[in-house]
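# Descriptive structure summary
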Amino acid sequence: MIRASDVVKRFGKGDKGVTALDGISLEIGEGEFVSLLGPSGCGKSTFLRCLAGIETASAGTLLVDGKAVDGPPDGLGMAFQRDALLDWFDVLENVLLPADFGGKRKRDFEPRARELLAMAGLNSFVNAYPRELSGGMRQRVAMCRSLLLDPRLLLMDEPFGALDALTRDQLNVDLHRLTQRQKTTTIFVTHSISEAVFLSTRVVVFSPRPGRIVEDIRIDLPRERRLAVRESAEFAGYTRHIRGLFEKMGLIHD
Amino acid sequence: MIRASDVVKRFGKGDKGVTALDGISLEIGEGEFVSLLGPSGCGKSTFLRCLAGIETASAGTLLVDGKAVDGPPDGLGMAFQRDALLDWFDVLENVLLPADFGGKRKRDFEPRARELLAMAGLNSFVNAYPRELSGGMRQRVAMCRSLLLDPRLLLMDEPFGALDALTRDQLNVDLHRLTQRQKTTTIFVTHSISEAVFLSTRVVVFSPRPGRIVEDIRIDLPRERRLAVRESAEFAGYTRHIRGLFEKMGLIHD
Amino acid sequence: ADTLKVRLDWTPWGNHAPFHFAAQKGLFKKYNLDVTIDDGNGSVATVQIVGNGEYDVGHASLAPMAIARSKGLPVKAIAGFVQKNDIGLLVPADAGIKSPADLKGKKIAFTAGSLEAPFIDRFLAAGKLTRNDVELLNVSAAAKAGTYMSGSADGALSSVPFFLPVVSAKRKSTSVNFADYGLQFPSFGLFATEKSIETKKDALRRFASVVAGCWAYILNGHMDEGAQAIIAARPQAKLDPAVLREQIENIKAFSKTKATENEPFGIQAASDWSSALEILAEGGLLDQKVTADAVFTNDLIDKKIVADLAAGKF
Amino acid sequence: MPSALWSGFRRSSVPLLGALVFIVLWEIACRLFAIRPILLPSPTMVLRELADSPAWFAEQTVYTVGITLAGFGAAVVFGVLFAIIIVEWKLLERLLFPLFVGLNSVPKVALAPLFIIWFGVGDTPKVAIAFLIAVFAVVIDTALGLRSVPPDTLDLARTLRGSRLKVLLRVKLFCAMPHLFAGLKVAMSLALVGAIVGEFVSSQRGLGYVILSAQGMFDTTRVFAAIAILAVVGVALIEAVAIVERLAMPWHHSADRGGH
Amino acid sequence: MPSALWSGFRRSSVPLLGALVFIVLWEIACRLFAIRPILLPSPTMVLRELADSPAWFAEQTVYTVGITLAGFGAAVVFGVLFAIIIVEWKLLERLLFPLFVGLNSVPKVALAPLFIIWFGVGDTPKVAIAFLIAVFAVVIDTALGLRSVPPDTLDLARTLRGSRLKVLLRVKLFCAMPHLFAGLKVAMSLALVGAIVGEFVSSQRGLGYVILSAQGMFDTTRVFAAIAILAVVGVALIEAVAIVERLAMPWHHSADRGGH
Ligand SMILES: Nc1ncnc2c1ncn2[C@@H]1O[C@H](COP(=O)(O)OP(=O)(O)OP(=O)(O)O)[C@@H](O)[C@H]1O
Ligand SMILES: Nc1ncnc2c1ncn2[C@@H]1O[C@H](COP(=O)(O)OP(=O)(O)OP(=O)(O)O)[C@@H](O)[C@H]1O
Ligand SMILES: Cc1ncc(C[n+]2csc(CCO)c2C)c(N)n1
Ligand SMILES: [Mg+2]
Ligand SMILES: [Mg+2]
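Counting of residues starts from 1 at the beginning of each chain's written sequence and follows it residue by residue. Starting at A for chains and at 1 for ligands, labels are handed out in the order in which the entities are written. A pLDDT threshold of at least 70 governs which residues receive local features in this predicted model, and a stricter bar of 80 or more applies before side-chain atom pairs are shown or counted, although totals over entire chains, interfaces and linings include all residues. Neither water nor hydrogens contribute to the side-chain values; these are computed over all heavy atoms in the structure.

- For chain A, the name recorded in an unreviewed UniProt entry is ABC transporter ATP-binding protein, with Pseudolabrys taiwanensis as its organism.
- A UniProt comment under Sequence similarities (unreviewed entry) is attached to chain A, and it reads "Belongs to the ABC transporter superfamily." UniProt positions are given in the numbering used here, feature names are shortened, and annotations may be inferred rather than shown by experiment.

### Side note on the interface of chain D and chain E
- The criterion used for residue contact is that any of the two residues' heavy atoms lie within 4.5 Å. Facing 57 residues of chain D, the contacting portion of chain E comprises 57 residues.
- Here a polar contact means two N or O atoms within 3.5 Å. Within protein one must be a hydrogen donor candidate and the other an acceptor candidate, and residues neighboring in sequence count only if both atoms are side-chain atoms. Summed over the shared surface of chain D and chain E, the result is four residue pairs in polar contact (both at pLDDT 80 or more).
- Labels follow the DSSP assignment, with helices taken as runs of H or I lasting at least four residues and strands as runs of E lasting at least two, numbered in each case from the N terminus. Counting only elements with at least two residues in the side of chain D that touches chain E, the list comes to α1 (2-32), α4 (90-105), α5 (108-119), α6 (124-147), α7 (151-159), α8 (164-201), α9 (206-216) and α10 (220-248) of chain D.
- The element that contributes the greatest number of residues to the side of chain D that touches chain E is α8(D), accounting for 12 residues.
- Classifying every residue of the side of chain D that touches chain E gives 42 nonpolar, nine polar and six charged. Residue polarity is assigned by list, with Asp, Glu, Lys and Arg as charged and Ala, Val, Leu, Ile, Met, Phe, Trp, Tyr, Cys and Pro as nonpolar; anything else, Gly included, falls into the polar class.

### Comments concerning the relation of the copies chain B and chain A
- Under the fitted operation, chain B is carried onto chain A by 0.0 Å of movement along the axis and a turn of 180°, and the coordinates agree to an RMSD of 0.0 Å. The superposition operator between the copies reduces to a two-fold rotation axis. Within chain B, Gly161(B) has its C-alpha nearest the rotation axis, a separation of 2.8 Å.
- A shared binding surface is used by both copies, with 98% of the interface residues of chain B retained as interface residues in chain A. C-alpha atoms of residues with pLDDT of at least 70 in both copies form the basis for the least-squares superposition of the copies.

### Describing the side chain of Thr185(B)
- Its place among the elements puts Thr185(B) in strand β8 (residues 185-189).
- Those residues within four positions of Thr185(B) in sequence are excluded, and the remaining contacts are Met1(B), Ile28(B), Gly29(B), Glu30(B), Gly31(B), Glu32(B), Arg152(B), Leu153(B) and Leu154(B).

### Looking at the coordination of the magnesium ion (ligand 4)
Residue and element names in this part refer to chain A.
- For Na, K and Ca the donor cutoff is 3.2 Å, while for all other metals N, O and S atoms must lie within 2.8 Å; water is not among the atoms, so some sites may look incomplete. Only Ser45 (OG) and Gln81 (OE1) from the protein coordinate the magnesium ion (ligand 4), and they sit 1.9 to 2.2 Å from it. With Ser45 in helix α1 (residues 44-51) and Gln81 in the loop between β6 (76-79) and α2 (91-101), this pair connects stretches of sequence that are 36 residues apart. Accessibility assignment for this pair places Ser45 and Gln81 in one class, buried. Relative accessibility under 20% of the residue-type maximum defines a buried residue, over 50% an exposed one, and the middle range a partly exposed one, all with a 1.4 Å probe and only protein chains included.

### Observations regarding the site of ligand 1
- As a matter of local geometry, ligand 1 sits amid 23 residues, with Ser45(A), Thr46(A), Glu132(B), Ser134(B) and Gly136(B) nearest to it.
- The nearness test applies per residue and asks whether one of its heavy atoms lies within 4 Å of the molecule or strand. In this structure ligand 1 sits where residues from chains A, B and E come together.
- Within the side chain of Gln81(A), an N or O atom sits 2.8 Å from an oxygen atom of ligand 1.
- Within the side chain of His191(A), an N or O atom sits 3.2 Å from an oxygen atom of ligand 1.
- The accessible surface values rely on the Shrake-Rupley method and a 1.4 Å probe; as for residues, cover is taken only from the protein chains in view. When ligand 1 is considered free in solution it has 630 Å² of accessible area, and contact with the protein chains removes 94% of it.
- Of all elements in the fold, only β2 (18-28) and α1 of chain A together with α4 (135-147) of chain B reach the threshold of two or more residues within the shell around ligand 1.
- Among the residues making up the shell around ligand 1, the classes are represented as seven nonpolar, 11 polar and five charged.

### Focus on the site of ligand 3
- In the vicinity of ligand 3, the contacting residues are Trp10(C), Trp13(C), Ala141(C), Ala142(C), Ser159(C), Phe162(C), Phe188(C), Gln215(E) and Gly216(E).
- In this structure ligand 3 sits where residues from chains C and E come together.
- Take Trp10(C): an N or O atom from its side chain is 3.2 Å from a nitrogen atom of ligand 3.
- A distance of 3.4 Å separates a nitrogen atom of ligand 3 from a polar backbone atom of Ala141(C).
- Summarising the interface, the protein chains cover 93% of the accessible area of ligand 3, which totals 440 Å² for the free molecule.
- Those elements that provide at least two residues to the shell around ligand 3 are α6 (141-149) of chain C together with α9 (206-216) of chain E.
- Broken down by class, the residue content of the shell around ligand 3 amounts to six nonpolar, three polar and no charged.

### Things to note about a nonpolar patch on the surface
All names here are of chain D.
- The patch calculation keeps residues exceeding 30% relative accessible area without a salt bridge and links them within 9 Å when they carry like charges or within 5 Å when they are nonpolar (Val, Leu, Ile, Met, Phe, Trp, Tyr). One speaks of a salt bridge when a side-chain nitrogen belonging to Lys or Arg is within 4 Å of a carboxyl oxygen belonging to Asp or Glu. A grouping of Leu17, Leu20, Val21, Val24, Leu25, Ile28, Leu32 and Phe33 is seen on the molecular surface, where their side chains present a nonpolar patch of about 810 Å² in accessible area.
- By the secondary structure assignment, Val24 is in helix α1.
- For Val24, a relative accessible area of 41% corresponds to the partly exposed category.

### Examining the UniProt feature "domain: ABC transporter" (unreviewed entry) in chain A
- Taking the numbering used here, the UniProt-annotated feature "domain: ABC transporter" (unreviewed entry) corresponds to residues 2-235 of chain A.
- What you have in residues 2-235 of chain A is 32% helix and 25% strand, and the ends, taken at the C-alpha atoms, are 27 Å apart.

### Quick look at the arrangement of the chains
- Ranked by contact count, the leading pair among the eight pairs of chains in contact consists of chains D and E.
- Separating chain A from chain C is a minimum C-alpha gap of 49 Å, and the two share no contact.
- One finds no contact linking chain B with chain C; the least C-alpha distance across the pair is 51 Å.

### Looking at the environment of Leu173(D)
- For Leu173(D), the location among the structural elements is in helix α8.
- Those residues in contact with Leu173(D) that lie beyond four places of it in its chain are Leu146(D) and Leu168(D).

### Some thoughts on empty space enclosed by the protein
- Here a cavity denotes a set of grid points, spaced 1 Å apart and computed over the protein atoms alone, in which a 1.4 Å probe fits but from which it cannot get out, and a pocket denotes an open set meeting protein on both sides within 12 Å along at least five of seven lines; residues with an atom within 4 Å of a point are reported as lining. Grid points are joined across faces, edges and corners, and a volume is the space filled by probe spheres set on the points. Enumeration over the complete set of coordinates arrives at 12 cavities of 30 Å³ or more.
- Along the walls of the second largest cavity sit 18 residues, with Gln81(A), Arg82(A), Gln139(A), Gln81(B) and Gln139(B) positioned nearest its centre.
- Secondary-structure elements contributing two or more residues to the lining of the second largest cavity are α4 (135-147) of chain A together with α4 of chain B.
- In terms of residue count, the dominant contributor to the lining of the second largest cavity is α4(B) (three residues).

### What to know about the packing of aromatic side chains
- A pair of Phe, Tyr and Trp rings is counted when the ring centres sit within 6.5 Å of each other, with Trp represented by its six-membered ring. The angle between the planes then sorts it: under 30 degrees is stacked, over 60 is edge-to-face, the rest tilted. On inspection of all chains with the given rule, the structure shows 48 aromatic pairs over all chains.
- Taking the centre distance of 5.6 Å and the plane angle of 35° together, the rings of Phe100(E) and Phe136(E) count as tilted. Of this pair, Phe100(E) sits in helix α4 (residues 90-104) while Phe136(E) sits in helix α6 (residues 124-147); the two residues are 36 residues apart in sequence, bridging distant segments of the chain.
- Ring pairs connect the aromatic residues Phe78(D), Phe82(D), Phe97(D), Phe100(D), Phe131(D) and Phe136(D), which therefore count as one cluster.

### Looking at the packing of helix α8 (residues 164-201) of chain E against α9(E)
Residue and element names in this part refer to chain E.
- Axis lines are fitted through C-alpha atoms, for helices just across the contact stretch, and the angle between N-to-C directions can take any value from 0 to 180 degrees. It is the contact of α8 with α9, at a shortest axis distance of 7 Å, that shows an interaxial angle of 55°. Compared by their axis directions, α8 and α9 come out oblique. Every pair of crossing elements has a handedness; the one defined by α8 and α9 is right-handed. Residue-level contacts link Ile196, Glu199 and Phe200 of α8 to Gly206, Leu207, Gly208, Tyr209, Ile211 and Leu212 of α9. Any angle that is under 35 degrees is reported as roughly parallel, and any over 145 degrees as roughly antiparallel; angles of 65 to 115 degrees are reported as roughly perpendicular and all others as oblique. Less than a right angle of anticlockwise turn of the near helix away from the far helix marks a crossing as left-handed, whereas a clockwise turn marks it as right-handed.

### Quick notes on the domain arrangement of chain A
All names here are of chain A.
- Segmentation into domains, and thus their bounds, comes from an automatic or database assignment. Domain boundaries assigned for chain A yield domain 1 (1-43 + 51-65 + 152-190 + 198-220) and domain 2 (79-150).
- Averaged C-alpha coordinates put domain 1 and domain 2 at centres separated by 23 Å.
- With 18 residues of domain 1 in contact, the opposing surface of domain 2 contributes 14 residues.
- Accessible area, probed at 1.4 Å, shrinks when two parts are joined; the buried area is that loss added up over both. Here domain 1 and domain 2 share an interface that buries about 1300 Å² over both sides, 63% of which is from carbon and sulfur atoms.
- Per-residue buried area on domain 1 facing domain 2 is highest for Asp157, Leu171 and Leu178; these three make up 30% of the total on that side.

Okay, structure coming up:
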């Protein structure tokens, strides 16, 4: 579904410029769930933005469904790192936005929106304005919005960064079920190694800026995952391996 | 240093109102490092904002240094959940802002600012504008800013939420050393149980909205902590206990 | 030399000939005066501004000056140059309009705030018409000519000597004059505040007399010289000498009344003023009763200077 | 409720106080320096003038306000549309905006005579002048507003692949609203001035006509009576815009609840 | 560098094209309908008029621009200060703002003769009129801008316990800048109109005087020559504001780099 070869992204020019991505090559098939892990500032968000067609790569080719990306692809759902809620709409309207923009009748999607909000534990905030929400609540609204139209390609940039462990676990389970059922191709940026391993069919680890792929790890855990899988030895193996990769990249002095 | 009794905070009026904090009583001594843990939307940020004097409690008393809070207390450093960087200043100027606002000569604090930025791994972005930074880099700048003047009271609202495990560990160590050395009284909101245990002298767990204190746990680990402490049995005991509290609050279905 | 600041009624037109002529001939200097001449934008503004002491002397239609006097502005006429009412209705020459009676159903442009406005009813009444028998269009002074020449109006009320020459080039016109229908009051002349009359009496006398003398000289067959003097003083204004000359020529017909016919130029008649004040009062334009002696003085006309200059003895 | 009434009263009493102080100072100055009424009438004289023929003044005011609102309405409709066009199509901006700025720099007072020839002497030229004077502020402020969408929000809109129209209606217009209303306030004030200028050029009615005719007769008191009405009408019209603004942006209120 | 030149040329050629089309249409209309020059002169006639005495027109233009800039400068200084005052002190806002709105609604054209009496016949009354006409837009837009600080940023400023002055200088003014510049553009355009209105009332120089005296001679061609100059000057002055705007907000550029 996605094929990146030697994607380079530079911001600015010359000496003062910053190379965010430096030769990313990656293939992602239909229905895969790929997590991107990497140090802060390594270019994960930039890569998602290139895929979403809101940033253009400086070099290399980036194909989605065999076509070069030159704008947001069909059936895209995206959750931004900074939630990007619209202050002037209430929570429900924010979630219904993709339907509205997609030219669909909002009324038809209201049940779906309410269902997603309920899943995210926001039943009682359906009619609140974004300014009245806590940081984690905003993130959850943004997540619901990205899921509203059952996207074929789901790009999520640290959607659970501001959530407590419990809510996060809950949403991990829900997201896993959802993407499994719909066979959604998902690219998921996170800083939680266990979250990445739990959710993914593959985990891609980026090096510090300029972002390069350090390793592309296939996660061979059962397709259907329950939280209990995190107690398994394989799971621990994967997380340990990834943690090792991180430690090799930088040294922690204390 | 801090004494809260029966602090209540309600937003809005009547039926449509939301009770964010419902009877918080808490005492925090000089030099303590207290982490607040709790589900998303339970009122952690609201509590910090009340302490910082930018939100007024609806009921109850809140004393800092024996005085009722009616504005930001002396020697306050605060890192907001959404970084609150100023778009029109570059990174260095953003970090120097507390000096500037405090009526001090910016030049005197420039070495300190550069030192903090270096610690946060941002040496090469000293003169970048906030728009050119990644999410995690913005958070780190905001953290440096809160530390610039060696505050007596440090309030941090999920300062490391957007950081990868490695950078996070590094900054945990650095923050621990810093607050230890300066005996900074710190109140620290996080969603990471292990981070809370690692850093804190006490961990306070909030219940879901309306926020109440579920348990106030003293962390009896050596005053000086190294990362290795996380491998200790006591450490695991604390994290397990806290996780248990969370699980009692809500049930994860999968 | 005594300095005098003069404000004129309008932007350059034929009416300004004696001022620029006197300056050009060095007559002000000769009579020990240092004169600055500023253009204006309407008699009303000139009366207000001069009346409040910004200038030493003003040149404007004197009827508005009398009205201002009655409302408490301490101004007085010191010379009368255009002593017949110059306001009239301009109509196309081929329209067959000879008197107000012919105006039924016509569109007439006028300017609110200028002196024709309060007398329109009485002008129409002279032809046994009322306001409802015609269509009155209020347009600003600047828009009047365009409205008239483009045919949007069948007639326009304005200063005849000013207006006729300019529009005639494009639309052959004649005038029906207010003065011929009982609406007689003085038009352009010099005036000053009582204070400056007191403090600068001598300088003002020389000034008024020089201007009056020059007017007499110009109207006495030296109209081209007058026109040329205006053009020389305002070289960039692209003034048309033919139009200026015609304006000056037209003014001549309005310059004297029966009562002043044989007086030196600039001298005003108390009888003229009394009847004018009556007419103004009937129009409801005067607040307090004013007497003729209060609104004018002939003390500031030095007959000798006027006579000398009128005779071309510069 | 009585307390709400009381606070409402206190809220409006302060501006009234400001105006009152101004008027009293003016009255005192007039008496102290014995200023001639033809130069500057005292407030009591102006009030007496107004009290003498309130119905007539009201009639003139209604006419002028009508012209103002018509010009303002046209400026809002055209100004917003033009702003949208130049913001949406860069090329059209480069093509049309300088032309628009140029045309706007032409003083309407100078063009007014032509307006009468083009539009006749009815209400149209007055509305046109009010419109022309007011429209620039609407265009500039709306264009700024439409461009003030935060980058994050623009990115979101792009990924949702909404039609330009949807992005405009759901995102840009909302972002533009505070700016739009600032522009509307300036425009309202300018439309009122424009209506007066229009009436100066040609009119049989309205406050502009009142001012012009009164000036011609040195009736400064009446001029100031009309000016006083204009001041009050100006405040009322702008307050009306502010009320619409508050109604149109409920989400701004909810922010107030937070206690900032 | 040559490519930069070329792109600069292309960039400016589009607006020129817009103006050119407009002028050509106007010329064609004049010839086609044989419009009398006294009603509407053709562009060629206007150009010839300008070419006849360029130095003189330049002199008048310089004078008018001087008045405009003086009035504009005063409006910026006073307008920004007034906006700061009403934003910083709620009570002063309630006290002064309605008064200000009321005074602003008074048409300056009606007050103009009084201005001469108050300020004399020099440049001051003209500058005062330009100032008064321009200042409202500055106040409204700056006040909006000063109030547009995001809540997060306000919270930050409060926790830093900076003096009000610091908050103003480091936060509010920066937030206000885009709004301020929108206001300045409107104000610049109004100051130009104000200078002309001022020159109408009393002046021996400047483009306003040119228009007035040309109107007196029914020299419509010259009126349009002055109007044409005003249009060009208006575009230039507003472009100048836009250039200062770009220089004053470098952080907005850096955002462009991101490719939004
Ligand atoms: N608009 C921009 N202009 C200039 N540089 C930019 C811009 N956006 C991103 N960068 C740079 O690109 C690099 C990668 O940024 P990116 O946001 O992709 O990081 P990230 O991996 O998402 O980090 P984080 O985990 O902290 O969000 C950073 O060094 C950043 O400074
Ligand atoms: N300005 C506001 N207006 C109305 N309600 C608010 C406002 N700010 C916060 N709330 C409500 O108060 C509650 C607590 O919010 P708070 O931001 O303190 O949560 P939090 O514990 O920080 O959550 P998170 O971990 O998601 O950041 C939430 O239910 C939120 O909806
Ligand atoms: C464009 C224009 N400019 C000047 C005048 C001048 N003017 C000279 S005398 C007179 C009448 C005064 O009673 C007027 C108005 C005008 N008419 N139109
Ligand atoms: Mg990122
Ligand atoms: Mg929070």
